[in-house]
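Report on the structure
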Amino acid sequence: MSAPSSEPEIVEPGPEDVLALADLIRNANRILALTGAGISTESGIPDYRGPNGVWATGKPPTIGDFMENEAHRRTYWQRRLESYPDLLAARPNPAHRALVDLERAGKLAAVVTQNIDGLHQRAGSDPQRVIELHGSAHVVRCTDCGALFDGEEVQEWLRAGHLYPSCPVCGGILRTATVLFGESLPREALDRSVELTRDADLLLVIGSSLVVNPAAQLPLIAKRNGAPVAILNRTGTRQDHLADLRLIGSAGVVLPQAVFHALGDPLGS
Ligand code: NAD
Ligand code: ZN
């Protein structure tokens, strides 16, 4: 299967929908943003499941494949050598920055992200308030001794011809500090996300298809605790039926407008 050759036309929501989102934001003080790959596509990082995603071609290995099969690990590092420069070059877009504005206005409790690109922190979000459910692509970890290495440092090793790097401390198998398929999520990040969702007075979902747990469960937890749920995504999501407000549109276009109206128009006129 290959990606569609022409991009589907992107239709943005009308002003009424944007103002409805601004209203929800204005009335909230403990917003939890849940972000997925869709918030970073406008920074040039493709998603997997969107209409032009690479789900069919670029699937990462499962944890079983990775640990048991050296050939899979070699392919993994080869892909990393080729793809990491693009990730390093990616810059935050207006959607990431709109969340920073919300945080600085004292309205955003935290960002729970499924992304591994580090763009929330690069945009200026307080790293303490960014919960990376799927880990970070900028950290490499030894599966034996747990030593951590900076992504750029490991990239240097790959570039220097060490195409199958092992841990310089103990010789163990290295991997990026991201969650592979078939692997459980970091317990602490998971618990904190659920806690923050219970405490939120608005759950704002941006660029996630809400297919994979635990992200898919957070809207239900928010609803049970009486918080409204707003979903901004280019396509429908698995949890649209739970949304109080559902906007089909681009994160980098819609979110900055809504945040501007919510913060820049305190009288609500
Ligand atoms: P996903 O299932 O959450 O899909 C992303 C969603 O975003 C899609 O529904 C798509 O229609 C929507 N979208 C795309 N561009 C958008 C935009 N500009 N504005 C609003 N919505 C937009 O996630 P996935 O792509 O299937 O990725 C699966 C997992 O792989 C992720 O959870 C993540 O761990 C990893 N991944 C990370 C990155 C990243 O760090 N940037 C990118 C791709 C995949
Ligand atoms: Zn080691």
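Throughout what follows, the structure given in this document is the object of discussion. (Residues numbered from 1 in each chain as written. Chains lettered and ligands numbered in written order. Predicted model: local features only at pLDDT ≥ 70, side-chain atom pairs only at ≥ 80, totals over all residues. Heavy atoms only, no water.)

**Things to note about the site of ligand 1**
Neighbouring residues of ligand 1: 25 residues in total, closest E42, Y48, Q114, H134 and S209. The backbone of G38 places a nitrogen or oxygen atom 3.3 Å from a nitrogen atom of ligand 1. A distance of 2.8 Å separates a nitrogen atom of ligand 1 from a polar atom in the side chain of T41. Within the complex, 95% of the 850 Å² of free accessible area of ligand 1 lies under protein. (Near = heavy atom within 4 Å. Polar contact = N/O pair within 3.5 Å; in protein donor to acceptor, adjacent residues only side chain to side chain. Areas by Shrake-Rupley, 256 points an atom, 1.4 Å probe, with all protein chains shown as cover.)

**Considerations on the environment of H120**
Within the element layout of this structure, H120 appears in helix α5 (residues 119-123). As for H120 and V100, which are separated by 20 residues in sequence, their C-alpha atoms are 8.1 Å apart. Not counting chain neighbours up to four residues away, the residues in contact with H120 comprise T35, I39, H96, L99, V111, T113, S125 and V130. (Helix = DSSP H or I, 4+ residues; strand = E, 2+ residues; numbered from the N terminus. Contact = heavy atoms within 4.5 Å.)

**With respect to the coordination of the zinc ion (ligand 2)**
For a metal with four tetrahedral donors the ideal donor-metal-donor angle is 109.5 degrees, while six octahedral donors give ideal angles of 90 or 180 degrees. Ligation of the zinc ion (ligand 2) by protein atoms is provided by C142 (SG), C145 (SG), C167 (SG) and C170 (SG), these donors lying 2.3 to 2.4 Å from the ion. Bound by four donor atoms, the zinc ion (ligand 2) shows angles of 101 to 116 degrees at the metal and therefore tetrahedral coordination geometry. Taking relative accessible area as the criterion, C167 reaches 4% and is therefore assigned buried. (Donors = N, O, S within 2.8 Å, 3.2 Å for Na, K, Ca; no water. Tetrahedral: all angles 85-135°; square planar, octahedral: opposite > 155°, others 65-115°. Buried < 20%, exposed > 50% of the residue type's maximum accessible area, 1.4 Å probe, protein only.)

**Thoughts on helix α3 (residues 70-89)**
Between its first and last C-alpha atoms α3 spans 29 Å; for 20 residues at 1.5 Å apiece the expected length is 28 Å, and the two agree. Along α3, the sharpest change in direction is near 40 degrees and occurs at S83; proline P85 comes one to four residues later. Of the residues making up α3, those classed as buried are R73, Y76, W77, R80, Y84 and L87. Buried residues along α3 sit against α2 (63-68), α5, β4 (135-142), α6 (151-159) and β6 (174-178). Of the residues flanking the start of α3, the one acting as N-cap is N69, its side-chain oxygen 2.9 Å from the backbone nitrogen of A71. (Expected span 1.5 Å × (residues − 1). Bend = angle between axes of the 7 residues up to and from the residue.)

**So, the sheet that holds β4**
Backbone hydrogen bonds are what pair the strands of a sheet, in a parallel or an antiparallel way. In spatial order, the strands read β5-β4-β6; together these three strands make up an open sheet with antiparallel pairing. Bordering the open sheet on either side are β5 (148-150) and β6, each of which pairs with just one other strand. Each adjacent strand pair in this sheet contributes to an overall mean axis angle of 40 degrees, direction not counted. Across five bridges, β4 lies against β6 in antiparallel orientation. Of the residues in β6, the one forming a bridge with R141 is R175. Relative to the sheet, α3 contacts β4 and β6, its axis offset from that of β4 by approximately 140 degrees. Sheet contacts for α6: β4, β5 and β6; angle to β5, the most-contacted strand, approximately 75 degrees. (Pairing = 2+ DSSP bridges. Axes fitted to C-alpha atoms, helices over the stretch in contact; angles between N-to-C directions.)

**Quick notes on the sheet that holds strand β9 (residues 245-248)**
One open sheet holds the six strands; their spatial order is β3-β2-β1-β7-β8-β9, and the pairing between them is parallel. Each of the sheet's edge strands pairs with one partner strand only, and the pair in question is β3 (130-132) and β9. Taken pair by pair, the neighbouring strands of this sheet meet at an average axis angle of 15 degrees, ignoring direction. Sheet topology places strand β1 (residues 31-35) next to strand β7 (residues 202-206); five bridges connect them, and they run parallel. The partner of T35 across the bridge, within β7, is I206. In this fold helix α1 (residues 15-26) packs onto β1, β7, β8 (229-233) and β9, with an angle of close to 135 degrees to the strand it touches most, β9.

From the geometry alone we can't say anything about function, so treat these as descriptive.
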